[in-house]
Amino acid sequence: MRVIAYLLALLPILYYSIDTILPRFFIFDPVRLQQLSQASIEKFPDNATLLMEDLQASLLAEYGDKHINGLRKDAWFFNNAGGAMGSMIILHASVTEYLILFGTPLGTEGHSGVHLAHDYFTILHGEQSVFYPGDIEPTVYKPGSQNHLPKGRAVQYILNGWALELAQGWIPSMLPFGFLDTFTSTLDFHNLWNTVYWTARGIVGQLLVGKF
Ligand SMILES: *[C@@H]1O[C@H](CO)[C@@H](O)[C@H](O)[C@H]1NC(C)=O
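Predicted model only: the values in this text are computed from it and were never measured.

1. Structural notes on the overall build of the protein chain
Consideration 1: Of regular secondary structure, the protein chain possesses six helices and seven strands.
Consideration 2: Mapped from its N terminus to its C terminus, the protein chain presents α and β elements in the order α-α-α-β-β-β-β-β-β-β-α-α-α.
Consideration 3: On C-alpha atoms alone, the protein chain measures out to a radius of gyration of 18 Å, which is about the 17 Å that the 2.2 N^0.38 rule sets for 212 residues.
Consideration 4: Reported as C-alpha extents along the three principal axes, the dimensions of the protein chain are approximately 65 × 45 × 35 Å.
Consideration 5: In the protein chain, which comprises 212 residues, the proportion classed as buried is 43%.
Consideration 6: The long-range fraction of contacts in the protein chain, counting pairs at least 24 apart against all pairs at least 6 apart in sequence, stands at 70%.
Consideration 7: Surface summary for the protein chain: the accessible area is close to 11,300 Å², and the carbon and sulfur share equals 64%.

See below:
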């Protein structure tokens, strides 16, 4: 019994030590991603399709095809989570990071979720408004600006447009938030399959090239 108590007491320490070494595995830099986004926005401010194609090309040039996926139309899928709905494509997924294009041309609203990861949301087209409990006025993010949602925090948000989203932390812990609406709401199992397939393909593929 005593051994179990000791082990339980060690868990937070273990979690904390692993958590502090996670950043060693990060390859993306939110500041650089914002610069690349701003360059594509400047070239294609009025066309989200061309803007995202241009951004994917510069991400590919910056990080290589070992880490950045192509923009295939059939690799887009829906994400229903926290009451919001949009579509996304995975440019990169590994154990400690994901980089996606996310958004909706129609508009959506919901809860961000609470994650064991930092989230950097760079607006490409349209806008996002967020507020934290205690805020009375919304904070509005326009193309080129970056919204950092710290690990463990949550916001209500409205998004109308497209964003480049980087998450850095324990990516597998974020996945249930992205899946569970399938069982409680949408019953869109085809979409669940796409979500699992593209996520697993990303994470396993990155492990195979030595990216944790
Ligand atoms: C953006 O460009 C694509 C590809 O050239 C085109 O099909 C689309 O209609 C354009 N969208 C707008 C809003 O101009």
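2. A few points about the pairing of strand β7 (residues 156–169)
Consideration 1: Across the 14 residues of β7, 11 count as buried, placing the element largely inside the fold.
Consideration 2: Pairing analysis gives 12 bridges linking strand β3 (residues 97–111) to β7, with the strands arranged antiparallel. Of the residues in β7, the one forming a bridge with glycine 103 is tryptophan 162.

3. Some remarks on the layout of surface pockets
Consideration 1: The space that makes up the largest pocket amounts to roughly 270 Å³.
Consideration 2: For the largest pocket, the full set of lining residues is Ala48, Thr49, Met52, Glu53, Leu71, Arg72, Lys73, Trp76 and Trp162.
Consideration 3: Per-element accounting of the lining of the largest pocket gives the leading share, four residues, to helix α3 (residues 48–63).
Consideration 4: When the residues that make up the lining of the largest pocket are grouped by side-chain class, the tally is five nonpolar, one polar and three charged.
Consideration 5: Elements represented by at least two residues in the lining of the second largest pocket include exactly β2 (84–93) and α6 (189–208).
Consideration 6: For the lining of the second largest pocket, a count of residues per class yields six nonpolar, six polar and three charged.

Cut-offs used in this document
Numbers given to residues run from 1 along each chain, matching the order in which its sequence is written. Thresholds applied to this predicted model are a pLDDT of at least 70 for local features of residues and 80 or more for the giving and counting of side-chain atom pairs; totals over whole chains, interfaces and linings are not thresholded and use all residues. Water and hydrogen atoms play no part in the side-chain values, which are based on all heavy atoms of the structure. Labels follow the DSSP assignment, with helices taken as runs of H or I lasting at least four residues and strands as runs of E lasting at least two, numbered in each case from the N terminus. The globule rule is 2.2 Å times the number of residues to the power 0.38, and the radius of gyration it is compared with is taken over C-alpha atoms. Exposure is judged per residue with a 1.4 Å probe applied to protein chains only, and the accessible area is read against the type maximum: over 50% gives exposed, under 20% gives buried, and values in between give partly exposed. In this analysis, two residues are considered to be in contact whenever any of their non-hydrogen atoms come within 4.5 Å of each other. Areas reported as accessible are Shrake-Rupley estimates using a 1.4 Å probe. Residue values count occlusion only from the protein chains shown. Two strands form a pair only when DSSP identifies at least two bridges running between them. The pocket and cavity definitions rest on a 1 Å grid over protein atoms only: a 1.4 Å probe that fits but cannot leave marks a cavity, an open set with protein on both sides within 12 Å along at least five of seven lines marks a pocket, and residues lining either have an atom within 4 Å of a point. Grid points are joined across faces, edges and corners, and a volume is the space filled by probe spheres set on the points. Side-chain classes follow a simple rule in which Ala, Val, Leu, Ile, Met, Phe, Trp, Tyr, Cys and Pro form the nonpolar group, Asp, Glu, Lys and Arg form the charged group, and the remainder, Gly included, forms the polar group.

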